[in-house]
Amino acid sequence: MRQLSAWVTALAGALVLAACAMTPAPTTPGAEPWSPSGLPQGAGISPATLPGWAEEDHLAAVEAWAETCHIARDPALAAACQAARVLPAGGGAEAARRFLEAWFVVERGDQTGLLTAYFAPEYSARLYRTDAFSAPVLARPLDLVTEGTTVQQRLADGRLVPYPVRAEIDETDAAPIAWMRPEDLFFLQIQGSGYLTFEDGTTRRAAYAAHNGRPFVGIARPMVERGLLPANGTSGEAIRAWLAGHRGAQATEVMNLNPRYVFFRLEDDDGRGPSGAAGVPLIAGRSIAVDPAHWSYGDLVWIDAPRGDLAGADRGYQGLVVALDTGGAIRGPVRADFYVGRGEAAGLQAGRVRHPLRMWRLVPRS
């Protein structure tokens with residue numbers, strides 16, 4: 001054990017020395033972030049130039065990445081991943097900062113996109129239907145098959161047709177695995193997973209199982225267009241409050257504007273975050289969902305998102321996060337969904353995020 005400790009300490013020392021030798025001087029505080037456009041082949045810009053880099057909790061960022069970096073498919077990340085995992089906690093934030101600056105350069109950052117946020121909701125549920133708990137939580141149907149990236153229904157004659165939309169699925173007589181309030185189930189399906197607490201106090205995780213292959217359609221804009229909510233009043237809690245206050249035909253009509261329907265499976269609640277599309281538990285404040293056409297799971301990403309204009313928005317988001325998930329509405333190279341955590345407070349925070357966004361990918365030095 002003592003020999004292993006000495007080896008780890010030596011490795012950490014080598015990393016620090018490498019950082020001193022390889023890291024360019026930081027830019028002047030307040031200077032405009034760099035743009036990668038026109039950089040010569042092989043050029044590398046230090047993470048120290050990123051906006052807000054000096055204020056980051058680098059140790060927390062490295063620890064979060066070290067928990068998930070094994071999923072990265074880029075071979076060049078393997079060595080950096082191993083080094084992050086043996087970086088001693090005793091080295092503190094300064095050692096973590098030097099590690100990041102020694103091992104990585106940054107790319108992208110010259111476009112503006114959109115940051116939203118999501119969370120793992122906690123809702124009450126029942127094992128039987130009541131007047132209030134009238135929405136069935138459904139398991140993945142047996143007739144749901146996947147062909148390529150499209151989920152379809154297999155008919156008796158063997159033909160494949162698109163699976164039904166939300167309104168049609170709600171009218172089926174499939175056996176539910178739980179019952180929820182309609183607006184709660186709608187938001188659980190938007191978030192993709194969450195936690196259900198039953199009358200006896202037990203909690204189960206409702207994990208994503210499948211969806212019906214239909215496109216996700218947000219209901220915020222049509223609610224504004226119909227005069228149901230003000231343009232700057234479409235936070236998550238505002239939408240949910242309206243649905244709860246108009247439970248029945250009115251709320252159902254609005255929810256049916258989104259044809260996508262998500263199916264779940266119930267799992268034990270082990271206290272960890274829900275698993276993202278990458279197959280590892282999400283880390284609150286350090287995980288994002290991205291478009292896999294433009295990003296890879298395990299990517300280390302710097303986000304810069306000043307405060308948005310939704311009513312109640314009270315902060316911006318800036319720091320290192322890991323790409324661990326995706327979502328139906330997450331499309332484009334500068335688009336991310338920020339995982340804020342579990343429970344009611346996280347839900348209030350997530351519902352107020354609609355921020356302008358820039359993203360930088362940290363890649364290993366060549």
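How each quantity is defined
Residues numbered from 1 in each chain as written. Predicted model: local features only at pLDDT ≥ 70, side-chain atom pairs only at ≥ 80, totals over all residues. Heavy atoms only, no water. Axes fitted to C-alpha atoms, helices over the stretch in contact; angles between N-to-C directions. Helix = DSSP H or I, 4+ residues; strand = E, 2+ residues; numbered from the N terminus. Left-handed = near helix turned anticlockwise from the far one by under 90°. Contact = heavy atoms within 4.5 Å. Buried < 20%, exposed > 50% of the residue type's maximum accessible area, 1.4 Å probe, protein only. Polar contact = N/O pair within 3.5 Å; in protein donor to acceptor, adjacent residues only side chain to side chain. Disulfide = S-S within 2.5 Å. Pairing = 2+ DSSP bridges. Phe/Tyr/Trp six-rings, centres within 6.5 Å; stacked < 30°, edge-to-face > 60°. Lys NZ or Arg CZ within 6 Å of the ring centre and 35° of its normal. Core = buried A, V, L, I, M, F, W, Y, C linked by side-chain atoms within 4.5 Å. pLDDT = per-residue confidence, 0-100.

### What about the packing of helix 6 (residues 182-191) against helix 8 (residues 236-245)?
Turning to step 1, where the next piece is worked out: Direction vectors running N to C along helix 6 and helix 8 enclose 145°, while the axes themselves pass 9 Å from each other. As for how helix 6 packs across helix 8, the hand of that crossing is right-handed. Seen from helix 6, the contacting residues are Glu183, Asp184, Phe186 and Phe187; seen from helix 8, they are Gly236, Ile239, Arg240, Leu243 and Ala244.

### So, the environment of Ala84
Turning to step 1, where the next piece is worked out: Mapped onto the elements, Ala84 comes out in helix 3 (residues 76-86).
Turning to step 2, where the next piece is worked out: Accessibility expressed as a relative area gives 5% for Ala84, which makes it buried.
Turning to step 3, where the next piece is worked out: Here the alpha-carbon distance between Ala84 and Cys69, two residues 15 residues apart in the chain, equals 8.9 Å.
Turning to step 4, where the next piece is worked out: For Ala84, the residues in contact, after removing those within four places along its chain, are Val62, Trp65, Ala66 and Phe99.

### Re the side chain of Gln191
Turning to step 1, where the next piece is worked out: Of note, Gln191 is situated in helix 6.
Turning to step 2, where the next piece is worked out: From its side chain, Gln191 meets the backbone nitrogen of Phe119 in a polar contact 2.9 Å long.
Turning to step 3, where the next piece is worked out: Ignoring anything within four residues of it in the chain, the contact list for Gln191 reads Tyr118, Phe119 and Pro121.

### As for the state of the cysteines
Turning to step 1, where the next piece is worked out: Per the stated rule, a full pass over the model turns up 1 disulfide.
Turning to step 2, where the next piece is worked out: Sulfur-sulfur distance for the disulfide between Cys69 and Cys81 comes to 2.0 Å. Taking the torsion about the S-S bond as the criterion, the Cys69 to Cys81 disulfide, at about 70°, is right-handed. With a gap of 12 residues between them, Cys69 in the loop between helix 2 (58-68) and helix 3 and Cys81 in helix 3 connect regions that are remote in the sequence.
Turning to step 3, where the next piece is worked out: Under the relative-accessibility criterion, Cys69 is labelled buried at 3%.
Turning to step 4, where the next piece is worked out: Judged by relative accessible area, which is 7%, Cys81 ranks as buried.

### A short note on the sheet that holds strand 10 (residues 203-211)
Turning to step 1, where the next piece is worked out: Read across the open sheet, the 4 strands follow the order 3-9-10-11; overall the sheet is mixed. Strands at the two margins of the open sheet, each flanked by one partner only, are strand 3 (122-124) and strand 11 (262-268). Sheet twist, expressed as the average angle between the axes of neighbouring strands with direction ignored, equals 35°.
Turning to step 2, where the next piece is worked out: With 4 bridges joining them, strand 9 (residues 194-197) and strand 10 adopt antiparallel strand pairing. Following the sheet pairing, Gly194 is matched in strand 10 by Ala206.
Turning to step 3, where the next piece is worked out: Against the sheet, helix 6 makes contact with strand 3, strand 9, strand 10 and strand 11, and its axis sits at roughly 90° relative to strand 11, the strand it touches most.

### A closer look at helix 2
Turning to step 1, where the next piece is worked out: Where burial is concerned, most of helix 2 is hidden: 8 out of the 11 residues are buried.
Turning to step 2, where the next piece is worked out: In this structure, the buried side of helix 2 is in contact with helix 3, helix 4 (92-103), strand 1 (104-107), strand 13 (300-305) and strand 14 (317-325).

### Focus: the packing of aromatic side chains
Turning to step 1, where the next piece is worked out: Evaluated as defined, the whole model comprises 9 aromatic pairs.
Turning to step 2, where the next piece is worked out: Both rings, one in Phe99 and one in Phe104, keep their centres 6.3 Å apart while their planes meet at 85°; by these two values the pair is edge-to-face. For the pair Phe99 and Phe104, a shared accessibility class is recorded, and that class is buried.
Turning to step 3, where the next piece is worked out: When the ring of Tyr261 is compared with that of Phe263, the centres are 5.2 Å apart and the planes differ by 55°; the resulting orientation is tilted.
Turning to step 4, where the next piece is worked out: On the accessibility criterion, Tyr261 (1% relative accessible area) is buried.
Turning to step 5, where the next piece is worked out: Over the ring of Tyr195 we find Arg342, and its NZ or CZ is 3.6 Å from the ring centre.

### Observations regarding the side chain of Arg97
Turning to step 1, where the next piece is worked out: With respect to the helices and strands, Arg97 occurs in helix 4.
Turning to step 2, where the next piece is worked out: When neighbours within four sequence positions are excluded, Arg97 is seen to be in contact with Trp53 and His58.

### Here we look at the nonpolar core
Turning to step 1, where the next piece is worked out: Formed by 53 residues in total, the largest nonpolar core has its most connected members in Leu196, Leu243, Ile288, Phe338 and Met359.
Turning to step 2, where the next piece is worked out: Here the element with the most residues in this core is helix 6; it accounts for 4 residues.
Turning to step 3, where the next piece is worked out: Residue contacts for Leu243: discarding those within four places in its chain leaves Glu183, Phe186, Phe187, Ile219, Ala251, Val254 and Met255.

### Re the confidence of the model for the protein
Turning to step 1, where the next piece is worked out: Averaged over all residues, the pLDDT of the protein equals 83, while 83% of them reach at least 70.
Turning to step 2, where the next piece is worked out: Ranking the elements of the protein by mean pLDDT puts helix 1 (residues 2-22) last with 32 and strand 8 (residues 178-180) first with 97.
Turning to step 3, where the next piece is worked out: Note on residues 1-42: pLDDT is under 50 here. Beyond four places in sequence and across chains, it has 42 contacts.

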